[in-house]
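A look at the structure
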Amino acid sequence: MLPAGSPLSAWLEWLETLHPEEIELGLERVRAVLERLDLTLPEHILLIAGTNGKGSSVAMASALLSAAGYRVGAYTSPHIVDYNERVAVATDSDVGARLAGDKEIIAAFEKIEAARNGVPLTYFEYGTLAAFVVFAAAELDVWILEVGMGGRLDATNVVDPTGVLITNVALDHCDWLGDDVETIAAEKAGVMRAGVPVVFGADDAPEAIIAHANATGAQLLLRGRDFSSKGVPRPGLAGDVQRDNAAAVLALLDAAGLGKATEEALVASVLPTVTLAARGQRAELDGVEWLLDVAHNPAAAEVLARTLGDGARGGKTIAVIAALGDKDIEGLVGPLDAHVDLWIAVTADSHRAIPAGELARRIANACNRHCLVAATLDEALTEARREANEGGRVLVTGSFYIVGPVLQQLGLYSRPQS
């Protein structure tokens, strides 16, 4: 354990050294430590799984439940700038959600360290348990947990949910989950439980989702059969897909016995106010429009491409992109290329990042045209501003590890209260 009084930054650096692998799927280690923590779980636990739209769905569910008077904890990952973003607590509907403070998170880390007795935990597993400790201390009514990867073996799946949403299934994290939709769907289906409602938020549910629901006895609710987007107010989040996400969230809350949060008047007043940083976020600075979106897989890129097409401007669109090594770069840039006049590649701030030169080579091959290489993020943004000129647009995308730093550099990041 770190010395008493160590700051949160020191704890986070230390956590990265605890386990030889950044990702190790499995529940045995997490379950063993959770049992030792002996936490009191809430009446309602909602798991939000899927490939895309999880963060948006958590934001909408949290806002609706809080407005309805429930005391809510929301756990998400990764963070954009501050680690505290991962752990949000809403205990007063008039105030809204606040981020857990450094002292709360450190106290949770200390409690876990005292309980784990040498059990190796990854950074994500440690953080997941810390969120549980913070939420349990706050004596909340509902925990909303965003599943980090897959579902079956993800650390969040160590607790039994009372309601589940699987937003959609697409190709991502293929090195870990499989290289086809049905295999990935089977992993995500692992969050199902007998008798527990499971909402599938997209059209055409994979066979693996339907088969696993039948095998486990989960109560599967399907779009088009059990719910629809008709009449759902447009959320404040960017993109037409967010109305579909909202419909799935409402179906989840109803099925999970939280119908007070789906009353028509409340939904109409709350959904249009829900926003989330780095998801289709726009800003106008010195005559240039900036569009920031953490899309990092082909399905998310398709949605982002529609946003680009709907908001076309007279000037050029310059795309600044960085990505991690496990991403389908060709699938990511393909849908976007028709809307981009110039690509600029930069290395993301992560040891898992694709080097800018390699990223540029792959983009150039996929798009059959030149892609600039920037040595630093400052250089990339300076070149993007120059090329866009007044009336143009700069898209920043590909990873949380580039969008977060750009939000800070542009002065667009506002840390929620803690």
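Above this text is the structure in question.
Treat the numbers as computed from the prediction; the structure is a model and nothing was measured.

The end-to-end C-alpha separation of helix α14 (residues 377-388) is 16 Å, in line with the 16 Å expected for 12 residues at 1.5 Å each. Those residues of α14 that fall on the buried side of the exposure criterion are L377, A380, L381, A384, E387 and A388. Angularly, the buried residues of α14 cover 130 degrees about the axis, an arc narrow enough to put them on a single face. Those residues of α14 that are buried are in contact with β10 (288-293), β11 (317-321), β12 (342-345), β14 (393-397) and α15 (400-409). Following α14 by one or two positions, N389 adopts a phi angle in the positive range, close to 60 degrees.

A word on the packing of α14 against α15. Contact geometry of α14 with α15 gives a least axis separation of 11 Å together with a crossing angle of 70 degrees. In this view, α14 runs roughly perpendicular relative to α15, as classed from their interaxial angle. The element α14 and its partner α15 pack so that their crossing is right-handed. Each of L377, D378 and L381 in α14 lies in contact with α15, whose residues at this interface are I402, P405, V406 and Q409. Here the residues of the contact of α14 with α15 are counted per class, giving five nonpolar, one polar and one charged.

Sheet strands line up and pair through hydrogen bonds in the backbone, either parallel or antiparallel. Pairing within the open sheet is mixed, and its eight strands lie in the order β4-β3-β2-β5-β1-β6-β7-β8. Looking at the sheet topology across the chains shown, the edges are occupied by β4 (98-99) and β8 (219-222). The strands that helix α3 (residues 54-67) touches are β1 (44-49), β2 (72-75), β3 (87-90), β5 (142-146) and β6 (163-166); relative to β5, the one it contacts most, it runs at about 170 degrees. Each of β1, β6, β7 (197-200) and β8 is contacted by helix α9 (residues 241-255), which is oriented at about 165 degrees to β6, the strand it contacts most.

A few words on helix α5 (residues 123-138). For α5, which comprises 16 residues, the first-to-last C-alpha distance of 23 Å matches the rise-based estimate of 22 Å (1.5 Å per residue) to within 8%. The buried count for α5 comes to 15 of 16 residues, which makes it a mostly enclosed element. Backbone geometry just downstream of α5 places E139 in the positive-phi region, at approximately 55 degrees.

Moving on to the sheet that holds β11. A sheet is described by the order of its strands in space; here six strands give the open sequence β9-β10-β14-β11-β12-β13, paired in mixed fashion. With one partner strand each, in any of the chains shown, β9 (281-285) and β13 (371-373) form the two edges of the open sheet. Here the strands of the sheet are splayed against their neighbours by 20 degrees on average, with no regard to which way each runs. By the bridge criterion, three bridges tie β12 to β13 in an arrangement that is parallel. For I344, the partnering residue across the bridge sits in β13 and is L372.

Okay, the environment of T17 next. With respect to the element layout, T17 can be found in the loop between α1 (8-15) and α2 (28-37). The exposure class assigned to T17 is exposed, which follows from its relative accessible area of 56%. Each C-alpha atom of the pair T17 and L121 lies 10.0 Å from the other, and the pair is 104 residues apart in sequence. Here the side chain of T17 touches W14 through a polar contact of 2.6 Å, landing on its backbone oxygen.

Where α1 contacts helix α4 (residues 102-116), the two axes come as close as 10 Å, and the packing angle between them is 40 degrees. One way to sum up the angle between α1 and α4 is to call them oblique. The hand of the α1/α4 crossing is left-handed. Here L8, W11, L12, W14 and L15 of α1 lie close against α4, whose contacting residues are D102, I105, I106, F109, E110, E113 and R116. When the residues that make up the contact of α1 with α4 are grouped by side-chain class, the tally is eight nonpolar, no polar and four charged.

Attention now moves to the pairing of β1. The side chains of a regular strand alternate, residue by residue, between the two faces of the sheet. With six of six residues buried, β1 lies mostly within the body of the structure. Alternating residues of β1 divide into H44, L46 and I48 and I45, L47 and A49, and every residue in both groups is buried. In the sheet, β1 pairs with β5 via five bridges, with the strands oriented parallel. Bridge pairing in β5 links H44 to V142. Two strands pair when backbone bridges link them, and β1 and β6 are joined in this way by four bridges, in the parallel orientation. Across the sheet, residue A49 finds its bridge partner in β6, namely I166.

Cut-offs and rules
- Residues numbered from 1 in each chain as written.
- Predicted model: local features only at pLDDT ≥ 70, side-chain atom pairs only at ≥ 80, totals over all residues.
- Heavy atoms only, no water.
- Helix = DSSP H or I, 4+ residues; strand = E, 2+ residues; numbered from the N terminus.
- Expected span 1.5 Å × (residues − 1).
- Buried < 20%, exposed > 50% of the residue type's maximum accessible area, 1.4 Å probe, protein only.
- Arc of directions from axis to C-beta.
- Contact = heavy atoms within 4.5 Å.
- Axes fitted to C-alpha atoms, helices over the stretch in contact; angles between N-to-C directions.
- Parallel < 35°, antiparallel > 145°, perpendicular 65-115°, else oblique.
- Left-handed = near helix turned anticlockwise from the far one by under 90°.
- Nonpolar A, V, L, I, M, F, W, Y, C, P; charged D, E, K, R; others polar.
- Pairing = 2+ DSSP bridges.
- Polar contact = N/O pair within 3.5 Å; in protein donor to acceptor, adjacent residues only side chain to side chain.

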